[in-house]
Amino acid sequence: MGKAAYLLNGMTIHNFAGIETGVKALDYYMKHMHPEVKKRWLETDVLIIDEISMLNAQTFNLLHFLACKIKQCDDELFGGIQDIACGDLLQLPPVKGEFVFKSNIWQQYMINVLILTECFRQKEDAQFFGALNEIRFGQVSDQTIEYFMDRCFEKDENINIKYTRLFFKNIEVDTYNNNKLNDIKNEGRWFYAKNVIKNPKVQITFQIPAAVYLKINAIVMLVRNMNVEEGLCNGTMGVVTLIENNAVWVIMNKKEVKIECIKEEFLDCSHEVVGSRIGLPLKLAFSFTVHKAQGSTMNKAVINFTSNAFNNSLYYVALSRVCYKDDIFIIINKKTELRKIFKNLSANSDVIECYKKYM
């Protein structure tokens, strides 16, 4: 995510490598590679990939062979670039494909592994950290289940609206955001984007929404980088304070900033523009998915457990976003359902075996 990359003064791995979604063949990317991307590869000595659990084996292999071609070095990992991979394999897996450690390139070269055991986010709440680790490994004791019971709530109406809401599914996020927007009684305004598609055969997915309806006091999130130096990047959240005909004023990073319509271009690998959209780079953000929250630290989190997670790791990721147990609010129909969820948790057996090799 752009905000995560901003905090590290970095960029997403797909953007860095010039591989779009990373599903095409190596020769395609070499043929269409923009000179700036090639220059970036050539000038890189150390490549740090964070949240490695979400990178699949196919993409890791692609990155390796791409680097080897560019660096003209076939007998070293990433053509001689030092690769540092960080993350927790027991958190969110790749959206598609196999775990990165199943890559034959990973198995051949990634042999120097450090398992970090010191906790920083929950360092002042040792009991909370221990309970989270049981959830992480899918071995939840009755004591831990009871430990979380006082954080269960049947409804969230009485919980501070400013606390971030987390859901497992996009449709739940959209429903909640629209409901909360409707709760704001003042009038709003629609902002419609305009598209220019040069090649209708190319499937284009824009980050800027085709249309967004906003009101004063709505919580919003930037979906494009605006001013990275000032922290106005993809993922930055704020509150709408004023709505004009073609712009919105939002408090972000403790400053009131003007967000205007911008142009988003969709490029192919050769940096040729195949489509563009002019629109407001904002979307509603009263809530967002757990997937979007990985890597973030929150002051408070209201987590909706009324629907099942599509992956067991989502429960751990959701609950571990805060520093203290009392900062989470679990929304669930009955406490007995939480017991059932925790008892049925299990960690991926392949990941467990992978960790055993290094511990």
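Definitions and limits used
Residues numbered from 1 in each chain as written. Predicted model: local features only at pLDDT ≥ 70, side-chain atom pairs only at ≥ 80, totals over all residues. Heavy atoms only, no water. Salt bridge = Lys/Arg side-chain N within 4 Å of Asp/Glu carboxyl O. Helix = DSSP H or I, 4+ residues; strand = E, 2+ residues; numbered from the N terminus. Buried < 20%, exposed > 50% of the residue type's maximum accessible area, 1.4 Å probe, protein only. Pairing = 2+ DSSP bridges. Contact = heavy atoms within 4.5 Å. Axes fitted to C-alpha atoms, helices over the stretch in contact; angles between N-to-C directions. UniProt positions renumbered as here; feature names shortened; annotations may be inferred. Core = buried A, V, L, I, M, F, W, Y, C linked by side-chain atoms within 4.5 Å. Phe/Tyr/Trp six-rings, centres within 6.5 Å; stacked < 30°, edge-to-face > 60°.

Trainee: I would appreciate a short explanation of the pattern of salt bridges in the present structure.
Mentor: Any two side chains of opposite charge can pair, on the condition that their charged atoms come close. One pass over the structure, following the stated rule, counts 14 salt bridges. Note that Asp88 is salt-bridged to Arg136, the shortest N-O span being 2.7 Å. Of this pair, Asp88 sits in the loop between strand S2 (82-85) and helix H6 (104-109) while Arg136 sits in helix H7 (residues 126-137), and the two are 48 residues apart along the sequence. Taken individually, Asp88 and Arg136 each receive the classification buried, so the pair is uniform in this respect.

Trainee: Whenever I open this one, the sheet that holds strand S4 (residues 164-167) confuses me. Can you help?
Mentor: Strands pair in a sheet through their backbones, by hydrogen bonds, and they do so in one of two ways: parallel or antiparallel. Judged by pairing direction, the sheet is parallel, and its five strands sit side by side in the order S3-S17-S16-S4-S15 without closing on themselves. Every other strand in the sheet has two partners, leaving strand S3 (152-153) and strand S15 (287-289) as the edge strands with one partner each. Here strand S16 (residues 301-304) pairs with strand S17 (residues 328-331) via four bridges, running parallel. By the bridge assignment for S17, Ile303 is matched with Ile330. Against the sheet, helix H9 (residues 170-183) engages S4 and S15, with an angle of about 175° to S15.

Trainee: What am I meant to see in the UniProt feature "domain: DNA helicase Pif1-like 2B" (unreviewed entry) in the chain here?
Mentor: Per the UniProt record, "domain: DNA helicase Pif1-like 2B" (unreviewed entry) is found at residues 213-241. Secondary structure content for residues 213-241 is 0% helix and 38% strand, while the C-alpha to C-alpha distance between its ends is 14 Å.

Trainee: It is not clear to me how the nonpolar core should be interpreted in this structure. Could you clarify?
Mentor: Generally speaking, soluble globular proteins have nonpolar side chains that are buried together. Of all hydrophobic cores here, the largest spans 60 residues; its most connected members are Phe148, Leu214, Leu282, Phe305, Leu319, Leu338 and Phe342. If near-sequence neighbours (up to four positions away) are discounted, Leu338 is found in contact with Phe148, Met149, Cys152, Phe305, Ile330 and Ile332. Tyr29, Ile52, Leu55 and Phe99 belong to the second-largest nonpolar core, a separate cluster that totals 33 residues.

Trainee: Would you explain the packing of aromatic side chains in this entry?
Mentor: Aromatic ring pairs are defined here through the distance separating the ring centres and the angle between the ring planes. The tally for this structure, following the rule as stated, stands at 16 aromatic pairs. With centroids separated by 5.6 Å and ring planes inclined at 25°, the aromatic side chains of Tyr163 and Phe329 adopt a geometry described as stacked. In this pair, Tyr163 sits in the loop between S3 and S4 while Phe329 sits in strand S17, placing the two residues 166 residues apart along the sequence. You can call Phe329 buried: its relative accessible area is 11%.

Trainee: Even after reading the chapter, I still don't get unusual backbone geometry, so can you show me in this structure?
Mentor: The phi torsion of most residues other than glycine is negative, and most of the peptide bonds are trans. Notably, Glu51 is not glycine yet its phi reads approximately 50°, a positive angle. In this structure, Glu51 sits in the loop between strand S1 (46-49) and helix H5 (57-71). Exposure remark for Glu51: the relative accessible area of 24% places this residue in the partly exposed category. A positive phi is found at Asn217, a non-glycine position, where the angle reads about 85°. Inspection of the secondary structure assignment puts Asn217 in the loop between strand S7 (211-214) and strand S8 (219-222).

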